[in-house]
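Structural description and commentary
Residues per chain, in single letters:
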Amino acid sequence: MSHTFKVWDTSIRFMKAFLFFIFYFLITAAHAQYAPQAGLPGSTAISASSSVFVGWATQCNVQRGFMNIADTSLGYASSGDSSLAIGPADGYAVSLGDSGISVVTFTHPIYNGGGPDFAVFENGFLNTSNDSQAFLELAFVEVSSDGVNYFRFPATSLTQFNTQLGNPDYVTASNLNNLAGKYIAMYGTPFDLDELSGIPGLDVNNVTHVRLIDVVGDINGHSSHDSAGRVINDPYPTAFPSGGFDLDAVGLINEVGITEVKTLPGNVSVTVFPNPATDNIFVSIKGAMPGGLNATLTSVTGNILQQSVSPGNGSAISVAQYPAGMYYLVLCDANGNKWVEKVTKR
Ligand SMILES: [Ca+2]
Ligand SMILES: [Ca+2]
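Here the structure is a predicted model, which is why all the values come from computation and not from measurement.

**Topic: the overall build of the protein chain**
Assigned secondary structure in the protein chain consists of one helix and 25 strands. Taken over 346 residues, the protein chain has a buried fraction of 41%. Nonlocal contacts in the protein chain, meaning residues at least 24 apart in sequence, comprise 70% of its contacts between residues at least 6 apart.

Here's what the structure looks like:
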């Protein structure tokens, strides 16, 4: 009798565990898996005013797409022009139209530093009655290190594709990954070149071009697909001059060859270069600095790795022995001027 009871007990416990597993699986599947809209906990959106941006696109070329790819007689999208995608994000954008293409370039190439390396800004807006939803127009993002061969970030859209989204319908950002336009205006969608490392023909430490290609949100004839072959549903048709992806800006987080120049009173300037560095970081002082410059290299959490006093020009701080990533160089002169440079070891 007790044996039978035990078997029953075990079966019930097994059944409970099984049901819990099924329930958990359904809950997880029902909830999207990616970062939510700007302003919500866990969002990866980066504000246009963030200090992580060291540069912005300096040139932009646009090949407009049609206002409606299914009715080309309506002509091309025409809102804005390519100059609006240059410089810091400001809410002013150039509209690409269906399948339109934009290529942006920079003063210096982008490299694969720690975390995201650049971010793309569009002009989407929130659903005022549900802050996890927004009106978004999406674009694929591709990068190139030679201006000829482009490689696409593997995009994901978990938005349903049974019912066509129209204008203005809202989508949930947490259903989207690696698609520009995921976040609302003035919030950049970040991209990490690390996800494309090891691809033949692409040097992730020397990315010279970023290409944006409008996603045609049609779920039928002119559909676009994510990296898993799923149809991407985004507002379609958008048959007006500002239809398609609207490119506001591309912000650079990890830009090669940026040297930081600090100007101190008395016409003294201090330059830290190269950044990123492989072996040595040089601290160059122009002008008279009688007490020398105290340089302290720390980890991002503030652990002191080495200290040195550079009495003159071109002092080298060896970083060869440290793992790749971001570090802080704290600089302080005898007059009490103190500042921090963010340096990257490649
Ligand atoms: Ca990176
Ligand atoms: Ca702009």
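That was the structure; now back to the text.
**Quick word on the nonpolar core**
Ranked by internal contacts, the top residues of the largest apolar core, which has 66 residues, are Ala139 and Leu212. Secondary structure elements with two or more residues in this core: β3 (59–63), β5 (101–110), β6 (118–121), β9 (139–144), β14 (187–191), β15 (207–214) and β17 (249–252). Leaving out residues up to four positions away in the same chain, Leu212 has contacts with Ser102, Val120, Ala139, Val141, Ala180, Phe245 and Leu247. If you look at the next biggest cluster of nonpolar residues, it comprises 16 residues, including Val272, Ile285, Ile317 and Leu331.

**Description of the sheet that holds β3**
Strand order in this open sheet of five strands is β3-β5-β15-β9-β10, and the pairing throughout is antiparallel. Of all the strands in the sheet, the pair left with one neighbour each is β3 and β10 (151–152). Relative to β10, β9 runs antiparallel, the two being bridged by two bridges. Bridge pairing in β10 links Val143 to Phe151.

**With respect to unusual backbone geometry**
Backbone torsion omega between Asn167 and Pro168 reads 0°, so that peptide bond is classified as cis. Tracing the backbone through its elements, the reader meets Pro168 in the loop between β11 (156–157) and β12 (171–172). For the bond from Tyr236 to Pro237, the omega torsion is -10°, close enough to zero to count as cis. Summarising the element assignment, Pro237 is placed in the loop between β15 and β16 (246–247). Positive phi, close to 70°, is recorded for Ser99, a residue that is not glycine.

**Focus: the sheet that holds strand β8 (residues 130–135)**
Ordered in space as β7-β8-β12, the three strands form an open sheet in which the pairing is antiparallel. Pairing within the sheet leaves two strands with one partner each, and these edge strands are β7 (125–127) and β12. Sheet topology places β7 next to β8; three bridges connect them, and they run antiparallel. Bridging from a neighbouring strand, Asn127 pairs with Asn130 of β8.

**A word on the pairing of β8**
Here β7 hands over to β8 after two residues, the two strands then running antiparallel side by side. In the sheet, β8 pairs with β12 via two bridges, with the strands oriented antiparallel. Each residue of the ladder has a partner; that of Gln133, found in β12, is Thr172.

**Comments concerning the confidence of the model for the protein chain**
On average, the protein chain scores 89 in pLDDT, and the residues at 70 or more come to 88%. A low-confidence stretch, residues 24–30 (pLDDT under 50), is modelled with zero contacts involving residues beyond four sequence positions or located in other chains.

**Here we look at the environment of Ile46**
With respect to the secondary-structure elements, Ile46 resides in strand β1 (residues 46–47). Look at Ile46 and you get buried, because 23 C-beta atoms sit within 10 Å. The sequence separation of Ile46 and Phe118 amounts to 72 residues, and the corresponding C-alpha distance is 10.0 Å. Those residues within four positions of Ile46 in sequence are excluded, and the remaining contacts are Val52, Ala119, Tyr187, Gly188 and Pro190.

**Brief notes about the environment of Val54**
Tracing the chain through its elements places Val54 in the loop between β1 and β2 (55–56). The partly exposed category is assigned to Val54, around which 15 C-beta atoms lie within 10 Å. Residues Val54 and Ile253, 199 residues apart in the sequence, show an inter-C-alpha distance of 5.7 Å.

**Looking at the environment of Pro154**
Considering the arrangement of structural elements, one finds Pro154 in the loop between β10 and β11. Take Pro154: there are 13 C-beta atoms within 10 Å of it, and that puts it in the partly exposed class. Taking the C-alpha atoms as reference, Pro154 lies 8.5 Å from Ala228; in sequence the two are 74 residues apart. Once residues lying within four places of it in the same chain are set aside, the contact partners of Pro154 are Asn178, Glu195 and Ser227.

What counts as what
Residues numbered from 1 in each chain as written. Chains lettered and ligands numbered in written order. Predicted model: local features only at pLDDT ≥ 70, side-chain atom pairs only at ≥ 80, totals over all residues. Helix = DSSP H or I, 4+ residues; strand = E, 2+ residues; numbered from the N terminus. Buried ≥ 20, exposed ≤ 12 C-beta atoms within 10 Å, placed from the backbone. Contact = placed C-beta atoms within 7 Å. Core = buried A, V, L, I, M, F, W, Y, C linked by C-beta atoms within 7 Å. Pairing = 2+ DSSP bridges. pLDDT = per-residue confidence, 0-100.

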